[in-house]
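The lines below spell out each chain.
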Amino acid sequence: MSLKIAIAEDNSFLVKTVIEKLSFFNDLNYKFKGVNGAELIGKLEANHNIDVILMDIQMPEMDGITATEIIKNKYPHIKIIMLTVFDDDENIFNAIKAGANGYLLKEINAENLHKCILEVVNGGAPMTPSIALKTLNLLRNPTSFKNDSFIEKIKLTNRETDILEHLSKGLIYNEIAENLIISPSTVRKHIENIYKKLQVHNKMEAVYKAKKHKLIE
């Protein structure tokens, strides 16, 4: 039996990467993609004969968590695996609440992705190990998850906020340094501090989290 797979992802390079991973296995059949949740839902209305959706979280127009909730209500037979770079508690909690059947990081290799797709179709709930640990912690101590408490802990300086705004516009270190009349090494140091405060590992996560919590526009 060939499993029919759909993808929701706005990054064309990542879509190609995932499709390539799927192509290694004869029992996986890629059907279509949506560049956001709304487009995917539109395509499902034309063809909801899909077994598994690989769902990104951060997408324009409609994010993956909102799309997951809508799809699970309308097409409960479809299994949804969140395939994302974001592993923060808020996204895990909201994705599970929306009805996601699994939660994997995009760095997963082809063999493990295949294994997890088979697992979810057979009733399992595949998760990247680091995600599984965070989920257990959330279940053990649900009262520790508070969106507002995260915001209260974050205290960005005006300079750090300026730099985050520049990062969100796609500027590189040297361009930011030139605009703010500081050295590139100073920009780098500020960005290191921003990553620590936001508990992230890269620019994409930093901008996403800052916008999510309205630290920047």
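Look up a bit, the structure's there.
On a predicted model such as this, the values are computed, not experimentally measured, just so you know.

J.: Can you help me understand helix α8 (residues 158-168) in this one?
T.: Listing the buried residues of α8 in full gives E160, I163, L164, H166 and L167. Along the long axis of α8, the arc covered by the buried residues comes to 160°, so they all point the same way. Of the surrounding elements, those touching the buried residues of α8 are α9 (173-180), α10 (184-198) and α11 (203-212).

J.: Got a minute to help me understand the packing of α8 against α11 in this structure?
T.: Each pair of packed helices can be summarised by the angle the axes make with each other and by the distance between the axes. The N-to-C vectors of α8 and α11 enclose an angle of 110°; their axes lie 10 Å apart at closest approach. The angle between the axes of α8 and α11 places the two elements in the roughly perpendicular class. Regarding α8 and α11, the two cross each other, and that crossing is left-handed. Here α8 contributes L164, L167 and S168 to the contact with α11, which in turn contributes K203, A206, V207, A210 and K211. When grouped by side-chain class, the residues that make up the contact of α8 with α11 number 5 nonpolar, 1 polar and 2 charged.

J.: Looking at this structure, I do not really get the pairing of strand β1 (residues 3-8). What am I missing?
T.: A regular strand places its side chains so that they alternate between the two faces of the sheet. With 6 of 6 residues buried, β1 is to be regarded as a mostly interior element. With 6 bridges joining them, β1 and strand β2 (residues 28-34) adopt parallel strand pairing. Looking across to β2, one finds that A6 is bridged to F32. Once you follow β1 into helix α1 (residues 12-23) and on to β2, the crossover reads as right-handed.

Here is what the cut-offs are and how they apply
- Residues numbered from 1 in each chain as written.
- Predicted model: local features only at pLDDT ≥ 70, side-chain atom pairs only at ≥ 80, totals over all residues.
- Heavy atoms only, no water.
- Buried < 20%, exposed > 50% of the residue type's maximum accessible area, 1.4 Å probe, protein only.
- Helix = DSSP H or I, 4+ residues; strand = E, 2+ residues; numbered from the N terminus.
- Arc of directions from axis to C-beta.
- Contact = heavy atoms within 4.5 Å.
- Axes fitted to C-alpha atoms, helices over the stretch in contact; angles between N-to-C directions.
- Parallel < 35°, antiparallel > 145°, perpendicular 65-115°, else oblique.
- Left-handed = near helix turned anticlockwise from the far one by under 90°.
- Nonpolar A, V, L, I, M, F, W, Y, C, P; charged D, E, K, R; others polar.
- Pairing = 2+ DSSP bridges.
- Right-handed = clockwise from strand over helix to strand, strands pointing away.

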